[in-house]
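Per-entry structural report
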Amino acid sequence: FVAAMWQAVDYLGSVEQMHTPLRVPDQVIGFDEHKSCRGDRAVPMGDDSNGTTCPANMVEGMTCAAHCTSGAVANGTFICVAGRIRLESVCPGRALVKMGDKVLFTLAAVASRCPPLKQLQSMLAVALEVAQDTVDGVFCQAVKRVPLSKHDARLAGQDTAWALTIGGELNAKIAEAKDLLPKAAQLSDSKTPEGSRFASAMSGALNFVGPIAQLRRPFHMPNQVLDVHASKTCLGGRARALGDDSNGTNCPATMAEGSTCAAKCSSGVTANGSFLCLAGTVRLESVCPGLGSVTLGDKALFTLGAVASQCPSPQQLRRILATALQVDTDTVNGVFCEAVPLSKDHADSAGHPRAQTLTIGGDVTVDADNAKALLQKLAQLPDSTTPVGNRFATAMTSALDYMGSVEQLHGPLHVPDQVTGFSKSCRGSDAQPLGGDSNGTNCSATMQQGETCSATCKSRADANESSAAANGTFVCLAGKVRLASVCGGESDGPVTLGSKVVFTLGGIASACPSPERLRAILASTLGVNESIVEGVFCEPGQEVLLSEADARLAGLPKGIEVTIGGELNPDGAEAQGVLEKVKKLPDRATDVGARFASAMFSHVGFIGYLVHLHEPVLMSRQVMVFIVHQSATTIPVPPPIDRTVESTGLASGYLAALLVAAPLALGMMAVAVCWFCAKYRDTGGKKAEIEWANV
């Protein structure tokens, strides 16, 4: 004892017994308050899963699995370890599952708090000298606050700290598992290299770290699920081809993870861009542009899994990602967030009663030279210890009621030669000029997005004038010619000019509201008078398969693509304010967007994502009011006869008018006489005489 103490401490003095050693029988030598697990906390995965085989109460070490609807045997098992359900069990259905061996470990520690999970994963990888992506299923649960000794309290700066339960899994081949078991067992021993590295990393990350112990001896579990998130298949029917020349896609009904397909072009040309199946979602775009314009470039794709209270809106998510990655918001595209509610028990375990599992993804347009650097940034999104991850976590926490763990569902990908922009063209012949002096337009046969043109005006030869400039312009926006252009004629009324805000939204809904209802919705949403909302339209497009989350919300497996647009005629002073409100229409994180979505939900039953198909534009000196005056058809009247002239015929034009009116009066008298006669025939006696006399 003395020899060992001298090796462990700098100085050892005298040692004495404080009391005679005692034997006390029938005492508690072991108790684990987390020994059993609740079987309903085992969540099966996969399209074919239908509950589990887990009993309501699972004892330590008990296993169970997912129950497969098809009768197939599930991949992997659940196991109860230290009061917590560990590992995964999958009935894959369309998905592909990667299997392998796992080494499980569970530690107990006393510390000031739990480290972030991404940081904990990194600490464990460094301590065990393994690749970080082989450390899986890490968790840290703060169980309860415990009192500290006086010495530890001075170090911690407070009298109590948290009792933590820390655990995880190591993905390993069978041959490697034997070597990993003793390494994992040494994590709690600071005298070993593994324990020393782990204790040092924990102390560097936290204000105070006390003792660390093994709560369960590490053990080896063969044939377990290593990866299922990135192996889900995609429904090819969710790939939507773009462009006037497109004629469906060549995508199979079920797309394997990582497979690609493209739009089919009626003209036989090769489509621009391709679709990609990634983590169960069809990503990117493929276009047969026809007369439209396409921009190609490189894309970096990512998909995250998270636990949070709700999804941010797409516009909000774009801003969050742009801030985290320090890129322009316009380069962040294709963002999505799909939420699946957790059971009450899992939500409580996550730390929030309304916690949901989120799948978040998107793509970022990038130059080929900068792609590698951007991929590194994307890989850091889940790691709050990095500047990128910290900005992402901070922004998400500010936007949501609750934000929990975040993980990568696959490594970020660089995909070159993809569609980064597509604009529909307009037919110049759709521009119809107004006014008596109009003589066609100067519009090109094919107008590109944002292109303007106007009516051409006739010259007035009688006034020796050259052709005047037209009032107002046409503009091509999202494939439609909008606004009006006028060359007023001599008989036309005046033209009133003013500012117009023009917008076009694209999205998915269950139906279109009527123009009258849409006009009222827009006026109410934007807080403007209904009289300034004009030219509204909602055009239904092709039927599309909804995502699983949207299908649950809509109660239908399919929706329709809708194109919604309109114009507003604000006063000059109010124009900029109205424009800013219109920009917020698709963003449900704003008051304007929330009101618009709520009103659309109330009237059509379901409204999915909404995006601006072009940036809303404010255009000045546009036609607000134009009244076309048509010449009245007049019947010539004989001129009045001069009163000084004697005549044996008509005395004057007035007499002529009187004689023209006389037949009408005689006809009315004849009708009255006929009515009285009929009345007299139909009635008899005194009553008839009295009636006749009264008449």
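Residues numbered from 1 in each chain as written. Predicted model: local features only at pLDDT ≥ 70, side-chain atom pairs only at ≥ 80, totals over all residues. Heavy atoms only, no water.

**A word on the overall build of the protein chain**
Each helix and strand counted, the protein chain has 15 helices and 35 strands in total. When contacts within the protein chain are restricted to residue pairs at least 6 apart in sequence, those whose partners lie at least 24 apart make up 65%. Entry remark: accessible area of the protein chain is about 36,800 Å², with carbon and sulfur atoms responsible for 53%. (Helix = DSSP H or I, 4+ residues; strand = E, 2+ residues; numbered from the N terminus. Contact = heavy atoms within 4.5 Å. Areas by Shrake-Rupley, 256 points an atom, 1.4 Å probe, with all protein chains shown as cover.)

**Quick word on helix H10 (residues 515-526)**
Look at H10: 16 Å from first C-alpha to last across 12 residues, which is about the 16 Å you get at 1.5 Å a residue. Packed against the buried residues of H10 are strand E31 (495-509), strand E32 (533-545), strand E33 (558-568), helix H12 (575-583) and helix H13 (591-604). Where H10 terminates, the next one or two residues include Gly527, which has phi positive at roughly 65 degrees. (Expected span 1.5 Å × (residues − 1).)

**A look at the sheet that holds strand E27 (residues 452-453)**
The sheet built from 3 strands is open, its strands ordered E27-E29-E30 with antiparallel pairing. With partners counted over all chains shown, the strands left at the sheet margins are E27 and strand E30 (480-482), one partner each. In terms of strand pairing, strand E29 (residues 474-477) meets E30 through 3 bridges, oriented antiparallel. Across the sheet, Leu477 pairs through a bridge with Lys480, a residue of E30. (Pairing = 2+ DSSP bridges.)

**Some details on the state of the cysteines**
Considering all chains together, one arrives at 12 disulfides under this definition. Here Cys54 pairs with Cys64 through a disulfide, and the sulfurs are 1.9 Å apart. Measuring the twist about the S-S bond at about 80 degrees, one finds the Cys54-Cys64 disulfide to be right-handed. One end of the pair, Cys54, is in the loop between strand E2 (49-52) and strand E3 (57-58); the other, Cys64, is in strand E4 (residues 63-64), with 10 residues separating them in the sequence. (Disulfide = S-S within 2.5 Å.)

**What about a nonpolar patch on the surface?**
Together, Phe1, Val2, Trp6, Tyr11 and Val15 make up a nonpolar patch on the protein surface, roughly 620 Å² of accessible area in all. With respect to the element layout, Val15 can be found in the loop between helix H1 (2-8) and strand E1 (37-38). What makes Val15 exposed here is its relative accessible area of 55%. (Patch = residues over 30% accessible without salt bridge, like charges linked within 9 Å, V, L, I, M, F, W, Y side chains within 5 Å. Salt bridge = Lys/Arg side-chain N within 4 Å of Asp/Glu carboxyl O. Buried < 20%, exposed > 50% of the residue type's maximum accessible area, 1.4 Å probe, protein only.)

**Structural notes on the pattern of salt bridges**
Scanning all chains against the criterion turns up 15 salt bridges. One salt-bridge network, held together by shared partners, links Lys102, Asp136 and Glu169.

**Here's the deal with the environment of Ser89**
Looking at the secondary structure, you find Ser89 in the loop between strand E7 (84-86) and strand E8 (98-111). With 12 residues separating them in the primary sequence, Ser89 and Thr77 have C-alpha atoms 4.9 Å apart. With residues up to four places along the chain from it excluded, the contact list for Ser89 reads Pro44, Met45, Ala65, Ala66, Ala74, Asn75, Gly76, Thr77 and Phe78. A distance of 2.8 Å separates the side chain of Ser89 from the backbone nitrogen of Ala66, its partner in a polar contact. (Polar contact = N/O pair within 3.5 Å; in protein donor to acceptor, adjacent residues only side chain to side chain.)

**Focus: the packing of H10 against H13**
Relative to each other, H10 and H13 sit at 155 degrees, their axes nearing to 9 Å. Comparing their axes, H13 and H10 come out roughly antiparallel. For the element pair H10 and H13, the recorded crossing hand is right-handed. Two secondary-structure elements touch here, H10 through Arg517, Leu518, Ile521, Leu522, Ser524, Thr525 and Leu526 and H13 through Val592, Arg595, Phe596, Ala599, Met600 and His603. Split by residue class, the contact of H10 with H13 holds 8 nonpolar, 3 polar and 2 charged. (Axes fitted to C-alpha atoms, helices over the stretch in contact; angles between N-to-C directions. Parallel < 35°, antiparallel > 145°, perpendicular 65-115°, else oblique. Left-handed = near helix turned anticlockwise from the far one by under 90°. Nonpolar A, V, L, I, M, F, W, Y, C, P; charged D, E, K, R; others polar.)

**Some points on H13**
Helix length check: H13 (14 residues) gives 20 Å between terminal C-alpha atoms against 20 Å at 1.5 Å per residue, within 8%. The complete set of buried residues in H13 reads Val592, Gly593, Phe596, Ala597, Ala599, Met600 and Val604. Viewed end-on, H13 has its buried residues packed into an arc of 165 degrees, placing them on one side of the element. Opposite its buried face, H13 presents the exposed residues Asp591 and Ser602, each directed more than 90 degrees away. In the segment just after H13, Gly605 is the residue with positive phi, at about 95 degrees. (Arc of directions from axis to C-beta.)

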